Amino acid sequence: FPVTIKVGTGTVTGVIQGLGDGVGTVNFTENNTFGGNVGVGDNSLSVVNISSDKTVNAGSNNIDANSINLASGSTLSLTTGDVTGSVSLTNATLTTTSGDIVGDVSLNDSSTLNFGSGALNGNVLGSADGVGVVNLTADNTISAGNNLGSVGNALSAVNILDGVDIIANESIVAVYRDWE
């Protein structure tokens, strides 16, 4: 049977995991800091939700769920932690310094992905054509098969910070591209 955990303020200490792969839901309804992983490999979660206007700091901890949803005004930040699953941002911000993103990311109109030196194993697309911003903040190689935007789901903008080198082995499709 499905289980839902509502997590308020404070720190998640230890691991929250599904009884099996893709089982259970965790709702972060207040600002929170992780002290352990949320979803783990064969014990990933079904859904992780971050409520509107809340900030969740995962730091070096991982998030592993079939679906990870960031509501309007919310922020999810990771340093070396990885995000595994399909990520949907609704007017929200996802920042990862050096952790990997394994799965597709959908950005809507006012959503931003700040992506550092981790590996991207999925596509980052606008939820519609010309929406969502990607800021590439550290030297990185985007491997073949991992798109930043696509025809019909172009991003609003892709920005590469000054001094950052990006090797793109796949298409970057955006209305505005700033990397000169």
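It should be noted that the structure appears before, not after, this text.
Quantities reported herein were computed from a predicted structural model and do not represent experimental measurements.

Participant: Just give me the short version of the overall build of the protein, but keep the residues and values in it.
Facilitator: Regarding its fold elements, the protein presents zero helices and 20 strands. Computed over its C-alpha atoms, the radius of gyration of the protein comes to 16 Å, within 12% of the 16 Å expected for a compact globule of 180 residues. Relative to its 180 residues, the protein shows a buried fraction of 44%. Contacts in the protein between residues far apart in sequence, at least 24 positions, make up 26% of those at least 6 positions apart. A total of about 7,900 Å² of accessible surface is found on the protein, and carbon and sulfur atoms cover 47% of it.

Participant: Outline the side chain of Asn61, listing residues and values.
Facilitator: Within the secondary structure, Asn61 is located in the loop between β6 (55–59) and β7 (63–70). Within the local environment of Asn61, its side chain forms a polar contact with the backbone oxygen of Phe34, the two atoms lying 3.3 Å apart. Setting aside residues up to four positions removed in sequence, Asn61 forms contacts with Phe34, Gly35, Gly36, Asn37, Leu78, Gly81 and Asp82.

Participant: Go over the pairing of strand β3 (residues 25–28) with me, naming the residues and quoting the values.
Facilitator: Both strand β1 (residues 4–7) and β3 contribute to a ladder of four bridges, which runs parallel. Paired with Ile5 across the two strands is Val26, which belongs to β3.

Participant: Outline the environment of Thr9, listing residues and values.
Facilitator: Mapped onto the fold, Thr9 is located in the loop between β1 and β2 (10–13). Sequence-wise, Thr9 and Leu148 are 139 residues apart; in three dimensions their C-alpha atoms are separated by 34 Å. With near-sequence residues (within four places) excluded, Thr9 lies in contact with Glu30, Asn31 and Asn32.

Participant: So what's going on with the nonpolar core? Which residues, and what values?
Facilitator: A general trend in soluble globular proteins is that nonpolar side chains are found buried together. Of all hydrophobic cores here, the largest spans 38 residues; its most connected members are Phe28, Leu76 and Val124. Sorting elements by how many residues they give to this core places β7 first, with four residues. Val124 has contacts with Val105, Leu107, Leu113, Val134, Asn147, Leu148, Gly149 and Leu155, leaving out every residue within four places of it along the chain.

Participant: Tell me about the layout of surface pockets, and name the residues and values.
Facilitator: Of the pockets and cavities examined, the largest pocket occupies roughly 150 Å³. Along the wall of the largest pocket there are twelve residues; nearest its centre are Val3, Gly18, Leu19, Val23 and Gly24.

Participant: So what's going on with the side chain of Asn147? Which residues, and what values?
Facilitator: Along the chain, Asn147 falls in the loop between β17 (140–142) and β18 (155–160). The class for Asn147 is buried, based on a relative accessible area of 19%. Setting aside residues up to four positions removed in sequence, Asn147 forms contacts with Gly122, Asn123, Val124, Glu170 and Ser171.

Participant: Lay out the environment of Gly14 with the relevant residues and their values.
Facilitator: Take Gly14: it is sitting in the loop between β2 and β3. Residues Gly14 and Gly35 lie 21 residues apart in sequence; the distance between their C-alpha atoms is 6.0 Å. Setting aside residues no more than four positions away along its own chain, Gly14 makes contact with Gly35, Gly36 and Asn37.

Participant: How would you summarise the environment of Asn140 if you had to cite specific residues and measurements?
Facilitator: Relative to the elements of secondary structure, Asn140 occurs in strand β17. Exposure remark for Asn140: the relative accessible area of 11% places this residue in the buried category. If near-sequence neighbours (up to four positions away) are discounted, Asn140 is found in contact with Phe115, Gly116, Ser117, Gly118, Asp165, Ile166 and Ile167. A polar contact of 2.7 Å, which involves the side chain of Asn140, links it to the backbone oxygen of Gly118.

Participant: Requested: an account of unusual backbone geometry, with residues and values cited.
Facilitator: Positive phi, close to 60°, is recorded for Asp53, a residue that is not glycine. Among the secondary structure elements, Asp53 is positioned in the loop between β5 (45–50) and β6. Positive phi is not limited to glycine here, since Asn91 has a value of about 50°. Judged by relative accessible area, which is 31%, Asn91 ranks as partly exposed.

How each quantity is defined
Residue positions are given per chain, counting from 1 as you read along its sequence in written order. At least 70 in pLDDT is required for a residue's local features to be given in this predicted model, at least 80 for side-chain atom pairs to be given and counted, and no such filter applies to totals for whole chains, interfaces and linings, which use all residues. Think of the side-chain values as coming from all heavy atoms in the structure, minus any hydrogens and water. Secondary structure elements are taken from DSSP: a helix is a run of H or I of four residues or more, a strand is a run of E of two residues or more, and numbering for both begins at the N terminus. Computation of the radius of gyration draws on C-alpha atoms alone. For the globule rule, the value is 2.2 Å times the number of residues to the power 0.38. Burial classification: accessible surface area is computed with a 1.4 Å probe over protein chains only, and a residue below 20% of its type maximum counts as buried, one above 50% as exposed, and the rest as partly exposed. Here a residue-residue contact requires only that any non-hydrogen atoms of the pair lie within 4.5 Å. Surface exposure here means Shrake-Rupley accessible area, sampled with a 1.4 Å probe, where a residue is shielded only by the protein chains that are shown. Pairs of N or O atoms within 3.5 Å make up the polar contacts considered here, provided that, within protein, one atom can donate a hydrogen while the other can accept it, and that residues adjacent in sequence are counted only when both atoms are side-chain atoms. Two strands are counted as paired when DSSP detects at least two bridges linking them. Among buried residues, the Ala, Val, Leu, Ile, Met, Phe, Trp, Tyr and Cys ones that are joined through side-chain atoms within 4.5 Å form a nonpolar core. Of the two site types, the cavity is a set of points on a 1 Å grid over the protein atoms alone where a 1.4 Å probe fits but cannot get out, and the pocket is an open set with protein on both sides within 12 Å along at least five of seven lines, each lined by residues with an atom within 4 Å of a point. Grid points are joined across faces, edges and corners, and a volume is the space filled by probe spheres set on the points.

On their own, these measurements won't tell you what the molecule is for.
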